[in-house]
Amino acid sequence: IMGAGILGLPYAYANTGWLFGIIFQLMALYFSVTGCQLLSYCTSVTKQPGSFYTVVSAVNKKLTPVVDVVVFCMTFGVGVAYLISIGDLMPKSLSSLCCTEELLTDRLTWVFLGWCFAVPFSCMHNIDALKWTSGICFLFLIFNTFLVVIYSMPNSLDACADQDLDDDSEPCRGDKNVLPTDATGFIKVFSIFIFALGCQTNAFAFLNELETPTTTRIKNLFRVSITSAAAIYILFGCSSYSTYGASIHSDSIINYPAKD
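Summarised in this report is the structure supplied together with it. (Residues numbered from 1 in each chain as written. Predicted model: local features only at pLDDT ≥ 70, side-chain atom pairs only at ≥ 80, totals over all residues. Heavy atoms only, no water.)

1. A closer look at the packing of helix α5 (residues 131–152) against helix α9 (residues 215–244)
This is how it is decided: Where helices are involved, their axes are fitted lines through C-alpha atoms of the stretch in contact, as for all axes, and angles between N-to-C directions lie from 0 to 180°. Elements are defined by DSSP. Helices are runs of H or I of four residues or more, strands are runs of E of two residues or more, and each kind is numbered from the N terminus. With the far helix as reference, a near helix turned anticlockwise by less than a right angle produces a left-handed crossing, and one turned clockwise produces a right-handed crossing. Any two residues having at least one pair of non-hydrogen atoms within 4.5 Å are treated as being in contact. Any residue that is not Ala, Val, Leu, Ile, Met, Phe, Trp, Tyr, Cys, Pro, Asp, Glu, Lys or Arg is counted as polar, Gly included; the first ten are nonpolar and the last four charged.
In the contact formed by α5 and α9, the axes pass within 8 Å of each other and the chain directions differ by 35°. Of the two possible hands of crossing, α5 and α9 adopt the one that is left-handed. Contacts between α5 and α9 involve F138, I142, N144, T145, V148, V149, Y151 and S152 from the first element and I232, L235, F236, S239, S240, S242 and T243 from the second. Residue composition of the contact of α5 with α9, grouped by class: eight nonpolar, seven polar and no charged.

2. Quick notes on the nonpolar core
One broad trend across soluble globular proteins is that nonpolar side chains are buried collectively. As a reminder of what qualifies: Buried residues of nine kinds, namely Ala, Val, Leu, Ile, Met, Phe, Trp, Tyr and Cys, make up a nonpolar core once their side-chain atoms join them within 4.5 Å. Relative accessible area decides the class of each residue, using a 1.4 Å probe on protein chains only: under 20% of the type maximum gives buried, over 50% gives exposed, and in between gives partly exposed.
In this structure, L9, Y13, F193, L197, F222, I226 and Y233 are the most contacted members of the largest nonpolar core, which totals 36 residues. Elements with a minimum of two residues in this core: α1 (9–43), α5, α7 (190–196), α8 (203–209) and α9. If we skip the residues at most four places from it in the chain, Y233 touches I1, M2, G3, I6, L9, Y13, Q25, A196 and L197.

3. Regarding the packing of aromatic side chains
For the record, the criterion: Pairing of aromatic rings covers Phe, Tyr and Trp, the last counted by its six-membered ring, and requires centre-to-centre distances within 6.5 Å; plane angles under 30 degrees mean stacked, over 60 mean edge-to-face, and any other angle means tilted.
For the structure on display, the rule yields nine aromatic pairs. A centroid spacing of 6.1 Å and a plane angle of 70° characterise the contact between F20 and F24, whose relative ring orientation is edge-to-face. With a gap of four residues between them, F20 and F24 both fall in helix α1, about one helical turn apart. In this structure F20 comes out as partly exposed when scored by relative accessible area, which is 26%.

4. Some details on helix α2 (residues 52–59)
Turning to α2, its buried residues number three or more, namely T54, V55, V56 and S57. In this structure, the buried residues of α2 make contact with α1, α3 (64–96) and α8.

5. Digging into the packing of α1 against α9
Stated formally: For classification purposes, angles smaller than 35 degrees are called roughly parallel, those larger than 145 roughly antiparallel, those between 65 and 115 roughly perpendicular, and all remaining angles oblique.
Where α1 contacts α9, the two axes come as close as 9 Å, and the packing angle between them is 170°. Taken together, the axes of α1 and α9 lie roughly antiparallel to each other. Partitioned by chemical class, the residues of the contact of α1 with α9 number 20 nonpolar, nine polar and two charged.

6. Topic: the pattern of salt bridges
Let me state the cut-off plainly: By salt bridge we mean one thing: a side-chain nitrogen of Lys or Arg within 4 Å of a carboxyl oxygen of Asp or Glu.
Enumeration over the complete set of coordinates arrives at two salt bridges. Residue R107 pairs with D88 through a salt bridge whose shortest N-O separation is 2.3 Å. Of the two residues, R107 sits in helix α4 (residues 107–122) while D88 sits in helix α3, which places them 19 residues apart along the sequence. A residue is classified by how much of its surface remains accessible, and R107, at 37% relative accessible area, is partly exposed. We classify D88 as partly exposed; its relative accessible area is 33%.

Function-wise, these values are silent; they only describe arrangement.
Okay, structure coming up:
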């Protein structure tokens, strides 16, 4: 569940404020849990192993090509989103570490490397084969959240100290509001909260590989996992908003230290 969706939360909270940021995240939690549970109910009346194909076949076999196209477009879009994140953040991260090698700070280089790493992991037959890589990624996200929380604490590390910002006319920190100040920005970021907890395409893989898939175990699987992810996201989003507020620099968790 946890992945690149966490990177958009600072920008989302900057547009929603404290209150609606948490409300939107809880709404996304409810929709995600409900969607996964409805998919699990579908598998109880279809052929095994369950999939979107078997569920649609039980309704109308003529519609199976449609669901294949929908799943392809959705997963393709997610894959592109990951490559965009890698291409945006890796060159900036290396630049902040004083890397001057043109090849290593080129966006195309990191998009290609990200694709090379992703392809073999995308070809695994079972989702259980990704338990180690997923576990390592999860630890990185926990570390990242822990670091953001530390910077958000009063009398702690200063996230805006010695910054070499792109636009010196804009402050590092912006206003912190309970309610949103821009109705347009408030509405357009709701999809970010939904995307952050998106895991429905993998629901059938979880169900097919779950030992003794009783109704209670399935409910607990989705409730505990998605609720835990949402709690970490709320902590991350609120902490980043506490640090930056609604500044233009809250659209990224990457800070750029002074080059000297």
